[in-house]
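Letter by letter, the chains look like this.
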Amino acid sequence: MGIRRNTMTTTLITGGTLVSATGRSEADVLIDGETITAVLAPGSNLLGTDVAASVDTVIDATGKYVIPGGIDAHTHMELPFGGTAAIDTFETGTRAAAWGGTTSIIDFAVQRYGERVQDGLAAWHAKAEGNCAIDYGFHQIIGGVDEDALAAMPGLIDEGITSFKLFMAYPGVFYSDDAQVLKAMQVSRDTGLLTMMHAENGPVIDVLAAQLVAEGKTDPYFHGIARAWQMEEEATHRAIMIANLTGAPLYVVHVSAKQAVEQLAAARDKGQNVFGETCPQYLYLSLEEQLGASSEEWGRFEGAKWVCSTPLRSRAEGHQDHMWQALRTNDLQMVSTDHCPFCMKDQKELGLGDFRAIPNGIGSIEHRMDLMYQGVVTGKITLERWVELTSTTPARMFGLYGRKGVIQPGADGDVVVYDPNGHTSIGVGKTHHMNMDHSAWEGFEIDGHVDTVLSRGKVIVDGGQYLGAKGDGRFVKRGLSQYLT
């Protein structure tokens, strides 16, 4: 990789093509300590000296892209779910993220019905503190919207937590009814907190799921049938209308149905502050190919590897192509992973014989940057849009821009050197640092490679080696969203 390393005080990334959300240029990047101090024309003597000869570390990025580190704004490390918990800890999950060129995550602290918001937040700080390989922030799940929770929500802003998540799904676990959604959105309107929504009609889905199981339709495939696209579209529309009524900004998470995108697009066309994310699984994977898969080891339960909510949608119905289109047209603004990994053994297999008991989640944090770059290779998005979707817009949406999501003086030294002539083979034993016994992306081939990753000026991945350490990452307080119109 051509690194000359001494004391790690000053670093020059030279010879690369700097790619931002708005363009690309040949430029050198100077990092002093943890912060980017200059973006220079190649070979510039503007600083009155031969910069390359005066720094401690030189990274040769010739022929490669230099991009701001990825920001995955939707992860669930150690999330309790369905009698078990997501298998990636903050240590293992953030290390896998670093391998894949992601230098910041925003995870979800959890408050459930009857619990105090402050206690849920404290519990997640305790899980993460001192364990992360990269910087991290939190959203707050409000699983029990009551008077105590509503009163606590404005105080989150001072804690650097400027977004909260509600669920229209999972009755008895995280579910909020329409009245609760209304009350929480009124706090959102009054404070600037961004409302995040899991938009599926949970009560209807639960009935459909019970009816399918009663008919003996228990395989993972039927998870996708029970969670019908109509119930994603309906809940998305309902969330949009309550947000319209209250004036709250709305961000719909893990959008998978093309009809839900249409609801978001219609509201945005009227000037409403509504936004949506999708995830790699909804761009590449499908009901027929993955949820309906069989294997010698697991039979028709093989599809459990891809059980997540919202579910993988039918390729025959064209959802995947529409997601790519929505990313091109900005009807969807960004791509996160909803990283919530479970092993097949002892975890996913809890749902053998009843898809309702399969823990919901897919592990993708290591592969998001690569999977989205492949969309550049295939002509689905531009190089600049790749950076925008994976780094710049997440930073702006969640109050981190200027410090994260951009390579400019004053920003954190979170930088990825990406080789468009490299190659990445995804799979267990190939590219797999997540704490799972399988890969949801087994066999995927990427025409590019994450070569070098810097987090706040420290090289943490280089030359196929992990050079970081547990505790490199720090909690980052976020400001209010910088993306509202």
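Preceding block: the structure.
Residues numbered from 1 in each chain as written. Predicted model: local features only at pLDDT ≥ 70, side-chain atom pairs only at ≥ 80, totals over all residues. Heavy atoms only, no water.

Participant: Lay out the pattern of salt bridges with the relevant residues and their values.
Facilitator: The tally for this structure, following the rule as stated, stands at 27 salt bridges. A salt bridge links R116 to D119, with the shortest nitrogen-to-oxygen separation between them at 2.9 Å. Classification of R116 as partly exposed rests on a relative accessible area of 40%. In this structure, R189 and D190 form a salt bridge, with 2.9 Å as the shortest nitrogen-oxygen distance. (Salt bridge = Lys/Arg side-chain N within 4 Å of Asp/Glu carboxyl O. Buried < 20%, exposed > 50% of the residue type's maximum accessible area, 1.4 Å probe, protein only.)

Participant: Mind laying out empty space enclosed by the protein, listing which residues take part and the relevant values?
Facilitator: Enumeration over the complete set of coordinates arrives at two cavities of 30 Å³ or more. Looking at the largest cavity, its volume works out to about 130 Å³. Lining of the largest cavity is provided by 16 residues; of these, H76, F81, Y170, S309 and D338 occupy positions nearest its centre. Across the lining of the largest cavity, the residue classes break down as seven nonpolar, seven polar and two charged. Of the pockets and cavities examined, the second largest cavity occupies roughly 40 Å³. Of all elements in the fold, only β12 (102-111) and β13 (135-142) reach the threshold of two or more residues within the lining of the second largest cavity. Grouping the amino acids of the lining of the second largest cavity by side-chain chemistry returns five nonpolar, two polar and three charged. (1 Å grid on protein atoms, 1.4 Å probe; cavity = no way out; pocket = protein on both sides within 12 Å on 5 of 7 lines; lining within 4 Å. Points joined across faces, edges and corners; volume = space filled by probe spheres on them. Nonpolar A, V, L, I, M, F, W, Y, C, P; charged D, E, K, R; others polar. Helix = DSSP H or I, 4+ residues; strand = E, 2+ residues; numbered from the N terminus.)

Participant: Any chance you could break down the layout of surface pockets for me, citing the residues and the numbers?
Facilitator: Of the voids in this model, the largest pocket is the one considered here, and its volume is about 400 Å³. Forming the boundary of the largest pocket are 19 residues, of which F81, Y170, R227, R356 and N360 lie nearest the centre. Broken down by secondary-structure element, the contributors of at least two residues to the lining of the largest pocket are β10 (80-81), α6 (202-214) and α7 (221-226). Residues belonging to the lining of the largest pocket are distributed by class as follows: 12 nonpolar, four polar and three charged.

Participant: Go over the sheet that holds β12 with me, naming the residues and quoting the values.
Facilitator: The strands making up a sheet are joined through hydrogen bonds of the backbone, oriented either antiparallel or parallel. If you trace the eight strands from one edge of the open sheet to the other, you get β9-β12-β13-β14-β15-β16-β17-β18, paired in parallel fashion. Across the chains shown, the open sheet's two edge strands, defined by having one partner strand only, are β9 (70-75) and β18 (334-335). Looking at chain direction, strand β15 (residues 194-198) and strand β16 (residues 250-252) are connected through three bridges and run parallel. From the neighbouring strand, M196 faces β16, where its bridge partner is Y251. Contacting β14 (163-167), β15 and β16, helix α5 (residues 178-191) runs over the sheet at an angle of about 150° to β15. (Pairing = 2+ DSSP bridges. Contact = heavy atoms within 4.5 Å. Axes fitted to C-alpha atoms, helices over the stretch in contact; angles between N-to-C directions.)

Participant: Pulling in residues and values, what's your account of the environment of Y483?
Facilitator: Considering the arrangement of structural elements, one finds Y483 in the segment after β24 (465-466). With 82 residues separating them along the chain, Y483 and Y401 place their C-alpha atoms 9.7 Å apart. In this structure, Y483 is in contact with F275, N330, Q333, T393, R396 and M397, ignoring residues within four places of it in sequence. At a separation of 3.4 Å, a polar atom in the side chain of Y483 contacts the side chain of N330. (Polar contact = N/O pair within 3.5 Å; in protein donor to acceptor, adjacent residues only side chain to side chain.)

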